[in-house]
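Topology and contacts: notes
Here are the chains, one letter per residue:
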Amino acid sequence: MINRMILGGALALGLAAGPVAAAEVSGALGVTGQGDMTFRASLAQAWDKSWWQSETGQLSGYWDAAYTYWEGGDDYSGAHSLSFSPVFTYEFAGWRYTPYIEAGIGVAFFSKTDVGEQQLGSSFNFEDRLGVGLKLPGERKVGLRAMHYSNAGIKQPNDGIESYSLFYSQAF
């Protein structure tokens, strides 16, 4: 039952991100601050707007909807999360492979409140992210991200959890 709910939620978040024909699909392999693995799949839709265009670069962004599986270590079963976030990106101009930085704050819903050894306090959490990457030929991207999840003190305990990941994406 929970797997159907997660799949249905991921589909709904994906559809909310925009038309599938212009979507960017991404996969990430990461590790938590406690050493457990994370596996993330996401669907992104670029915004059709940019700001502060100059010879240096431009600010733009995208909507990101994702599913993450969190391994729980030897004594715990894994957890699942669905997240949705607006993400701002600054792309630097004048490079063959375009470097960029990204930052975003969104929401995430976890299948349980204990992820590995961390106690999140609630299933609802905020997702904060910072990342760096390169845009490659053929509408591809590769990069690194640090993501933090916490309920911002809404409910205790609020240990929070981080994921540090390497990602690859392809636009379709």
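Our subject is the structure that appears above.
Residues numbered from 1 in each chain as written. Predicted model: local features only at pLDDT ≥ 70, side-chain atom pairs only at ≥ 80, totals over all residues. Heavy atoms only, no water.

Things to note about the overall build of the chain
Looking only at helices and strands, the chain has 1 helix and 10 strands in total. Along the chain direction, N to C, the helices and strands of the chain fall in the order α-β-β-β-β-β-β-β-β-β-β. Counting only residues that meet the buried cut, the chain has 42% of its 172 residues in that class. A separation of at least 24 residues holds for 55% of the contacts in the chain among residues at least 6 apart in sequence. Of the roughly 9200 Å² that the chain leaves accessible, carbon and sulfur atoms contribute 63%. (Helix = DSSP H or I, 4+ residues; strand = E, 2+ residues; numbered from the N terminus. Buried < 20%, exposed > 50% of the residue type's maximum accessible area, 1.4 Å probe, protein only. Contact = heavy atoms within 4.5 Å. Areas by Shrake-Rupley, 256 points an atom, 1.4 Å probe, with all protein chains shown as cover.)

A word on the packing of aromatic side chains
By convention here, two paired aromatic rings are described through the distance between centres and the angle between planes. Overall, the coordinates contain 12 aromatic pairs when judged by the stated rule. Seen from their ring centres, phenylalanine 110 and tyrosine 149 are 5.5 Å apart, and the 85 degrees between their planes marks the pair as edge-to-face. Pair noted here: phenylalanine 110 is in strand 5 (residues 98–110) and tyrosine 149 is in strand 9 (residues 140–150), with a separation of 39 residues, a long-range link. Accessibility expressed as a relative area gives 5% for phenylalanine 110, which makes it buried. Exposure remark for tyrosine 149: the relative accessible area of 1% places this residue in the buried category. One aromatic cluster is present, formed by Trp47, Trp51, Trp63, Phe84 and Phe88 through successive ring pairs. A cation over an aromatic ring shows up here: lysine 141 above the ring of tyrosine 100, its NZ or CZ 5.4 Å from the ring centre. (Phe/Tyr/Trp six-rings, centres within 6.5 Å; stacked < 30°, edge-to-face > 60°. Lys NZ or Arg CZ within 6 Å of the ring centre and 35° of its normal.)

Notes on the pairing of strand 2 (residues 37–46)
Remark: a regular strand shows side chains that alternate across the two faces of the sheet. Across 8 bridges, the pairing between strand 1 (residues 24–32) and strand 2 is antiparallel. Paired with serine 26 across the strands is serine 42, a residue of strand 2. Note that strand 2 and strand 3 (residues 57–70) share 9 bridges and pair antiparallel. Its bridge partner lying in strand 3, alanine 41 is registered against tyrosine 67. (Pairing = 2+ DSSP bridges.)

Quick notes on the pattern of salt bridges
Under the defined criterion, the tally for this structure stands at 7 salt bridges. For lysine 141, the salt bridge goes to glutamate 24, with nearest N and O atoms at 3.5 Å. In this pair, lysine 141 is assigned in strand 9 and glutamate 24 in strand 1, connecting sequence segments 117 residues apart. Residue classification places lysine 141 among the buried positions, given a relative accessible area of 12%. Classification of glutamate 24 as buried rests on a relative accessible area of 17%. Between lysine 135 and glutamate 91 there is a salt bridge, with the nearest N and O atoms lying 3.0 Å from each other. A residue pair is termed long-range when its members are at least 10 positions apart, and lysine 135 in strand 8 (residues 124–136) and glutamate 91 in strand 4 (residues 79–92) qualify at 44 residues. Each member of the salt-bridge network shares a partner with another, and the members are Arg40, Asp64, Glu127 and Arg129. (Salt bridge = Lys/Arg side-chain N within 4 Å of Asp/Glu carboxyl O.)

Quick notes on the side chain of serine 169
Considering the arrangement of structural elements, one finds serine 169 in strand 10 (residues 161–171). One polar contact links serine 169 to glutamate 24, side chain to side chain, over a distance of 3.2 Å. Beyond its immediate sequence surroundings of up to four residues, serine 169 is in contact with Glu24, Val25, Ser26, Glu139, Arg140 and Lys141. (Polar contact = N/O pair within 3.5 Å; in protein donor to acceptor, adjacent residues only side chain to side chain.)

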